[in-house]
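Spelled out from the first residue to the last, the chains are:
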Amino acid sequence: MTGGAARWFAAQLRTERRGLAGVLAWSVAAALPALVSGRLIALAVDQGFLRGRGTVGLAWLGALAAATAVGALGARQIPRALGGALEPVRDRLVRRIVAGALRRALAGPIRAWSRS
């Protein structure tokens, strides 16, 4: 991407901060199971099952199940949030490209099609 194109794209993304914040929030939610699974399993084993307290172990595994449900919800919402943030940028990009192409086509000399 050239410098001008990168600057234009960055400027367009800055106008979509709210949408990008949504993408970030849902991404964090989707990552939750990966972030907490090791610790929750360790707690289930150490504080629950190894001490003969099965209900405590199951409670920690229940917390893991809840984190997994939150992660699934986050993963499900990421495409919607990403579309909401990037669709307006894509629309502006298409308008800019088409307007530029039309401007160049109308500014140049009219040439007949020829076979060479």
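Calculation rules
- Residues numbered from 1 in each chain as written.
- Predicted model: local features only at pLDDT ≥ 70, side-chain atom pairs only at ≥ 80, totals over all residues.
- Heavy atoms only, no water.
- Helix = DSSP H or I, 4+ residues; strand = E, 2+ residues; numbered from the N terminus.
- Rg over C-alpha atoms; globule rule 2.2 N^0.38 Å.
- Buried < 20%, exposed > 50% of the residue type's maximum accessible area, 1.4 Å probe, protein only.
- Areas by Shrake-Rupley, 256 points an atom, 1.4 Å probe, with all protein chains shown as cover.
- Lys, Arg positive; Asp, Glu negative; His and termini not counted.
- Charge placed at Lys NZ, Arg CZ, Asp CG, Glu CD.
- Axes fitted to C-alpha atoms, helices over the stretch in contact; angles between N-to-C directions.
- Parallel < 35°, antiparallel > 145°, perpendicular 65-115°, else oblique.
- Left-handed = near helix turned anticlockwise from the far one by under 90°.
- Contact = heavy atoms within 4.5 Å.

*Asks:* Describe the overall build of the chain, naming the residues involved and giving the relevant values.
*Replies:* Per the secondary structure count, the chain includes three helices and zero strands. Of the regular secondary structure in the chain, the N- to C-terminal order runs α-α-α. Here the C-alpha radius of gyration of the chain, 26 Å, is well above what a compact globule of 116 residues would show, namely 13 Å. For the C-alpha atoms alone, the extent of the chain along its principal axes is close to 90 × 35 × 25 Å. Looking at the chain residue by residue over its 116 residues, the buried ones come to 17%. Summing over all exposed atoms, the chain offers an accessible surface of approximately 8600 Å²; the carbon and sulfur share of this is 65%. Side-chain charges in the chain split into 17 positive and 4 negative, and the spacing between the mean points of these groups amounts to 8 Å.

*Asks:* Go over the packing of helix α2 (residues 17-48) against helix α3 (residues 54-107), please, and point to the residues and values.
*Replies:* Two elements in contact, α2 and α3, have axes whose closest approach is 7 Å; the angle formed by their N-to-C orientations is 165 degrees. Classed by the angle they form, the pair α2 and α3 counts as roughly antiparallel. In this structure, α2 crosses over α3, and the sense of that crossing is left-handed.

*Asks:* Which residues make up the environment of P33, and what values do they have?
*Replies:* Its location among the elements puts P33 in helix α2. Along the chain, P33 and A65 lie 32 residues apart, while their C-alpha atoms are 8.6 Å from each other. What P33 contacts, discounting residues up to four positions off in sequence, is A67, T68 and G71.

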